[in-house]
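# Geometric and topological summary
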Amino acid sequence: MKRFVLGLALLLAAATSWARPAALPGDSLAADTVSAALATVWSSHMMPVLEQNYAGDGNATDAFVRGITDAFNVSAEQEPYYQGVLQGLTIVERLGQMRQLGFPIDREAFIKALGVALAGGETGFTPTSADRYLSDYMSRKYEQQMAADTLSVESQKQFLAREAARDGVITTPSGLLFEVITEGEGEGPSLDDSVRVTYTGKLYNGEVFDSSDSDVTFPVSGLVPGFTQGLLMMKPGGTYRIIIPAELGYGNRGTAGVIPGNAALDFTITMHEVIKR
């Protein structure tokens, strides 16, 4: 919804910045032609969001157009209500994102407090103290999550030792484990190059924490040390497995909610292309 509002605001700003032409006798620009042109530009801002949220749903598109049609008929008395609906849709999306980050939010309590605040009443916070409270809350949640997710160093050492003992696995001086599944051909990348790859990343227990749905391009030198070291050992067209000790990955802190602290990272990577600088 925010992208719709921003797109329309930019359009209006552009339109009002044009020099107003003097009325010309016999001007051939008919109202329906101007309207069609404006509708085409507006739709270009709306289509990406429609396709993202309602791809292939013709009923949703029809309902969306009906909503726009209704907006043309909103009276001055109704406008505050519909402005509230517009803001509410954005708020619902943002609160959903905050729930995913670990904020406990009660819808009824939020709406009640919002009404009090908009009427100038007391919620127990000022804007400054509310910002500080939410920031502190998120910091506490982050630390709790990190503590809960941290793996034991010993469990990761055992995993690395088991994998290193398998036939075909090479242990590099840095501690990276490297295995050729299918060898590629040609010249491998250097630190100055980029690579086009597909990959799957797993934890020691087989849980997938990341994967590419399609080819992605990375700068070789812009990654965690173990990933960079592994790419430098690969050739185009090949598929490889690298297991990255925590000290060559995300260390004892990991990344909140995704990679536990102390985690070894198990990647299977197909290198499709080396892009020379």
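These lines cover the structure that appears in this document, whether it is placed above or below. Values in this document were obtained by computation on a predicted structure and should not be read as measured data. (Residues numbered from 1 in each chain as written. Predicted model: local features only at pLDDT ≥ 70, side-chain atom pairs only at ≥ 80, totals over all residues. Heavy atoms only, no water.)

### Let's talk about the overall build of the protein chain
Definition in use: The secondary structure listing takes helices from DSSP runs of H or I that are at least 4 residues long and strands from runs of E that are at least 2 residues long, numbered from the N terminus. A simple rule labels every residue: compare its accessible area, found with a 1.4 Å probe on the protein chains alone, to the largest value its type can have, and call it buried under 20%, exposed over 50%, or partly exposed in between. Any two residues whose heavy atoms approach within 4.5 Å at even a single point are treated as in contact. Every accessible area reported is derived by Shrake-Rupley at a probe size of 1.4 Å, with residue values counting cover from the shown protein chains alone.
Scanning the protein chain from N- to C-terminus turns up eight helices and seven strands. Per-residue burial for the protein chain yields a buried fraction of 25% across its 277 residues. Long-range pairs, those at least 24 residues apart, make up 67% of the contacts in the protein chain between residues at least 6 apart in sequence. Surface exposure of the protein chain reaches about 18200 Å², of which carbon and sulfur atoms provide 57%.

### Examining the nonpolar core
The nonpolar side chains of a soluble globular protein tend to be buried, and buried together. So the rule is basically this: Buried Ala, Val, Leu, Ile, Met, Phe, Trp, Tyr and Cys residues form a nonpolar core when they are joined through side-chain atoms within 4.5 Å.
By size, the foremost hydrophobic cluster in this structure holds 25 residues, and its most contacted members are Leu-231, Phe-267 and Ile-269. Contributions of two or more residues to this core are made by strand S3 (194–202), helix H8 (225–231), strand S6 (239–244) and strand S7 (265–275). Element by element, the count of residues in this core is highest for S7, at five residues. Among the nonpolar cores identified, the runner-up in size contains six residues, and Phe-159, Val-169, Leu-177 and Ile-243 belong to it.

### Comments concerning the packing of aromatic side chains
For the record, the criterion: Think of it this way: a Phe, Tyr or Trp ring, Trp meaning its six-membered ring, pairs with another when their centres are within 6.5 Å, and the plane angle makes it stacked under 30 degrees, edge-to-face over 60, tilted otherwise.
Here the structure, examined in full by the defined rule, presents 12 aromatic pairs. Judged by centre distance (5.4 Å) and plane angle (45°), the ring pair of Phe-125 and Tyr-133 falls under tilted. When the ring of Phe-218 is compared with that of Phe-227, the centres are 6.2 Å apart and the planes differ by 80°; the resulting orientation is edge-to-face. Here Phe-218 matches Phe-227 in class, with each residue buried.

### So, the pairing of S3
Inclusion rule: Strand pairing is assigned whenever DSSP identifies at least 2 bridges connecting the two strands.
Residues Val-195, Val-197, Tyr-199 and Gly-201 line the buried face of S3, whereas the alternating positions Ser-194, Arg-196, Thr-198, Thr-200 and Lys-202 sit on a face that is not buried. Examined bridge by bridge, S3 and strand S4 (residues 208–211) share three bridges and lie antiparallel to one another. By the bridge assignment, Lys-202 is partnered in S4 with Val-208. Here S3 folds back onto S4, and the loop between the two strands holds five residues, one of which, Gly-206, carries a positive phi near 90°.

### Looking at the side chain of Gln-156
Position of Gln-156 among the secondary structure elements: in helix H7 (residues 153–164). Judged by its relative accessible area of 4%, Gln-156 is buried.

### Let's talk about helix H4 (residues 79–100)
Residues spaced three or four apart along an α-helix face the same direction, because each turn holds 3.6 residues. Spelled out, the test is: Here the expected length of a helix is defined as 1.5 Å per residue gap, with one fewer gap than residues.
Its 22 residues give H4 an end-to-end C-alpha distance of 32 Å, which sits within 8% of 32 Å, the value for a rise of 1.5 Å per residue. Directly after H4, the chain includes Gly-102, whose backbone phi takes a positive value near 105°.

### What about unusual backbone geometry?
Residue Asn-262 is not a glycine yet carries a positive backbone phi of 70°. On the secondary structure map, Asn-262 appears in the loop between S6 and S7.

### Here we look at the layout of surface pockets
Let me state the cut-off plainly: Cavities and pockets are found on a 1 Å grid laid over the protein atoms alone: a cavity is a set of points where a 1.4 Å probe fits but cannot escape, a pocket is an open set with protein on both sides within 12 Å along at least five of seven lines, and a lining residue has an atom within 4 Å of such a point. Grid points are joined across faces, edges and corners, and a volume is the space filled by probe spheres set on the points. When residues are grouped by polarity, Ala, Val, Leu, Ile, Met, Phe, Trp, Tyr, Cys and Pro land in nonpolar, Asp, Glu, Lys and Arg in charged, and all others, Gly among them, in polar.
Taken as a whole, the second largest pocket encloses approximately 830 Å³ of empty space. If you go around the second largest pocket, you meet 22 residues; those closest to its centre are Phe-110, Ala-113, Phe-125, Ala-130 and Leu-134. Listed by contribution, the elements that provide at least two residues to the lining of the second largest pocket are H4, helix H5 (107–118) and helix H6 (127–149). The leading source of residues in the lining of the second largest pocket is H6, at six residues. Of the residues assigned to the lining of the second largest pocket, the class counts are 17 nonpolar, two polar and three charged.

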